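Report on the structure
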Amino acid sequence: MLIDDLPTPVLLIEEHRLENNLARMAARASENGVSLRPHVKTHKSVSLARRQMAHGAAGITVAKPGEAEAFVQAGIDDVRIAYPLVSTHRLEAVAAMMRSARVSFCVDSTEAAYAASQFFASNDLKAGVLMEVDTGYGRSGFRDNESASIRAAAEIARLPGLRLEGLLTHAGHSYHGPRKGETLAEALGRVSNEERDRMIAFACTLREAGVKGATPGNLELSIGSTPSMAAFNNVEKNGFTITEIRPGNYLFHDAMQVALGVAGIADCALTVLATVVSRHRDRSGKERLFIDAGKKVLTTDVGYGTPGHGLILFNSATMETLPHVQITGLSEEHGWVQVSGGSTLKIGDRVRVVPNHACVTMHTQDQAYIVDGDRVVEKIAIDARGRSD
Ligand code: PLP
């Protein structure tokens, strides 16, 4: 089958770019002596998780128990839920999965830790947890430099229904781009070093405070975002090192990663194939094209430095972008493409678009196609689509 045979809009994954991205992150993990536990919320596909395992991933990371179930049912049996679990239905889902898989999750409050401990202890279970730590992003997680966090760690480590397996952080501020006067590379280095150093420093603090189990070799130190991993170099302090990385986006990359200097456009494995459905001049005389990929495929996500809502390719083999065009707007089913100076595209032409944010784009469809140039290699299911429970 050729990609010309597929109805648009459709998600295409270029196999050699995918495989290169997988191999590159696997090499980065092994150079740094850490295990790779990719965050599969990026693709939600069992088939792609299997490719990650084939490249040496130690297990997978997910955001929610419902998402985890899709992978556990498919036989992937080592899952970290990088999310604070508070509701009974989520704890029940973890308990059920613990029958056939190694499952751990995050706690970021003592209330949730006590409730989880009570739940698992009353079911004669002990669940593995990681204490989520905020190393600068400002989302969930205990503050790494507060005495309340040390007291919380000591309490969590003693709870009967939980086993404190480690500390976990996500440097989501790696997406914020450079500060004034900083280069892209300096910004990535700053966030990456901060993520690493603050985690190791907090582990040292917990050990000095005598927190049960807070010793090197016993405590997993789990970090990771795709941008911060681009600049990651492990270090050792008082026996502690980073032990695990959890990048997600890296297998595809996207226009956000290109703008941040994390990847080149030729690394972007995921594209949306769309058709030009309309071509008009607006009232000021400017030419506009409309493609059949709107916000329900390309999503409305924009990030640091992204020009418009995705990059339209002129040539998907060389990954050159089409000059003088920009997706300036999105309706639900229309992408609004502005063309300065007139378009070479006609109604019915097909274009490939590198989306701004691959992780959300994947979640808009039930399936995607692995391709090799014009040839379709495999249709894959996006198995955990919609599983945010
Ligand atoms: N870990 C957690 C907790 C996350 O929230 C995310 C992304 O949102 C990741 C890891 C992976 O980050 P990225 O998609 O930048 O690779």
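Provided above is the structure to which this section pertains.
Given the structure is predicted, the values throughout are model-derived calculations rather than measurements. (Residues numbered from 1 in each chain as written. Predicted model: local features only at pLDDT ≥ 70, side-chain atom pairs only at ≥ 80, totals over all residues. Heavy atoms only, no water.)

1. Thoughts on the overall build of the protein
- When its secondary structure is counted, the protein shows 11 helices and 21 strands.
- Taken over the C-alpha trace, the protein has a radius of gyration of 22 Å; the compact-globule value for 389 residues is 21 Å, and the two agree within 12%.
- Projecting the C-alpha coordinates of the protein onto the three principal axes gives extents of approximately 70 × 50 × 35 Å.
- Burial status across the protein gives 55% buried among its 389 residues.
- Contacts in the protein between residues far apart in sequence, at least 24 positions, make up 69% of those at least 6 positions apart. (Helix = DSSP H or I, 4+ residues; strand = E, 2+ residues; numbered from the N terminus. Rg over C-alpha atoms; globule rule 2.2 N^0.38 Å. Buried < 20%, exposed > 50% of the residue type's maximum accessible area, 1.4 Å probe, protein only. Contact = heavy atoms within 4.5 Å.)

2. Brief notes about the packing of helix α1 (residues 15-31) against helix α2 (residues 46-54)
- Two elements in contact, α1 and α2, have axes separated by 10 Å at closest approach and are oriented at 45°. Considered as vectors, α1 and α2 are oriented oblique to each other. Where α1 crosses over α2, the two elements pack in a sense that is right-handed. Of the residues in α2, those in contact with E15, L18, E19 and L22 of α1 are L48, R51 and Q52.
- Residues belonging to the contact of α1 with α2 are distributed by class as follows: three nonpolar, one polar and three charged. (Axes fitted to C-alpha atoms, helices over the stretch in contact; angles between N-to-C directions. Parallel < 35°, antiparallel > 145°, perpendicular 65-115°, else oblique. Left-handed = near helix turned anticlockwise from the far one by under 90°. Nonpolar A, V, L, I, M, F, W, Y, C, P; charged D, E, K, R; others polar.)

3. Remarks on the packing of aromatic side chains
- Using the criterion set out here, one finds three aromatic pairs in the structure.
- With a centroid separation of 5.0 Å and 90° between ring planes, the pair formed by F119 and F120 is classed as edge-to-face.
- The class of F119 is buried, set by a relative accessible area of 16%.
- Pairwise contacts between aromatic rings join F105, F119 and F120 into one cluster.
- Directly above the aromatic system of Y83 lies the positively charged group of K64, at a separation of 4.9 Å from the ring centroid. (Phe/Tyr/Trp six-rings, centres within 6.5 Å; stacked < 30°, edge-to-face > 60°. Lys NZ or Arg CZ within 6 Å of the ring centre and 35° of its normal.)

4. Some points on the site of the ligand
- Contacts to the ligand come from 14 residues, most closely from R139, Y175, T226, R246 and G248.
- A distance of 2.5 Å separates an oxygen atom of the ligand from a polar side-chain atom of Y175.
- Between an oxygen atom of the ligand and a main-chain N or O atom of N249, the distance comes to 3.1 Å.
- For the ligand, whose accessible area on its own is 390 Å², the fraction buried by protein is 91%. (Near = heavy atom within 4 Å. Polar contact = N/O pair within 3.5 Å; in protein donor to acceptor, adjacent residues only side chain to side chain. Areas by Shrake-Rupley, 256 points an atom, 1.4 Å probe, with all protein chains shown as cover.)

5. Examining helix α4 (residues 88-97)
- Turning to α4, its buried residues number three or more, namely R90, L91, A93, V94, A95 and M97.
- On its buried face, α4 is in contact with α3 (65-73), β4 (78-84), β5 (102-107) and α5 (110-122).

6. Things to note about the state of the cysteines
- Throughout the structure, instances matching the rule amount to zero disulfides.
- This cysteine, C268, is not joined by any disulfide, and C359 carries the nearest cysteine sulfur, 12 Å off. (Disulfide = S-S within 2.5 Å.)

7. A short note on the packing of α4 against α5
- Running from N to C, α4 and α5 point in directions that differ by 45°, and their axes come no closer than 11 Å. Relative to α5, the element α4 is oriented oblique. Pair α4 / α5 crosses with right-handed handedness. Of α5, the residues touching α4 (which contributes T88, L91, E92, V94 and A95) are A115, A116, F119 and F120.
- Among the residues forming the contact of α4 with α5, the class breakdown is seven nonpolar, one polar and one charged.

8. A closer look at the pattern of salt bridges
- For the structure shown, the criterion picks out 28 salt bridges.
- A salt bridge links E19 to R51; the shortest N-O distance between them is 2.8 Å. With E19 in helix α1 and R51 in helix α2, this residue pair connects regions lying 32 residues apart in the sequence.
- Judged by its relative accessible area of 26%, E19 is partly exposed.
- A salt bridge links R288 to D282; the nearest nitrogen and oxygen atoms lie 3.9 Å apart.
- Here R288 falls in the buried class, since its relative accessible area comes to 16%.
- A relative accessible area of 25% means that D282 is categorised as partly exposed.
- Three or more residues are tied together by salt bridges with common partners; here these are R37, D78, R80, R102, R163, E165, E220 and E244. (Salt bridge = Lys/Arg side-chain N within 4 Å of Asp/Glu carboxyl O.)

9. Topic: the nonpolar core
- Counting 95 residues, the largest nonpolar core has I13, F71, I81, F105, F120, L167 and F252 as the members making the most contacts within it.
- For I13, the residues in contact, after removing those within four places along its chain, are L18, L48, F252, A269, L270, M362, A368, Y369, I370, V371 and I380.
- The next biggest cluster of nonpolar side chains, apart from the first, holds eight residues, and it includes I3, V10, V371 and V376. (Core = buried A, V, L, I, M, F, W, Y, C linked by side-chain atoms within 4.5 Å.)

10. Details of unusual backbone geometry
- Cis rather than trans, the peptide bond between T8 and P9 has omega equal to 0°.
- At K44, a position not held by glycine, the phi torsion is positive, near 55°.
- Within the secondary structure, K44 sits in the loop between β2 (35-36) and α2.
- Its identity as a non-glycine residue notwithstanding, M319 has a phi of 65°, on the positive side.
- When its relative accessible area of 3% is taken as the criterion, M319 is described as buried.

11. Description of the environment of K212
- Here K212 lies in the loop between α7 (184-208) and β9 (220-223).
- Since its relative accessible area comes to 55%, K212 is described here as exposed.
- When the C-alpha atoms of K212 and L164 are compared, they prove to be 8.7 Å apart, with 48 residues separating the residues in sequence.

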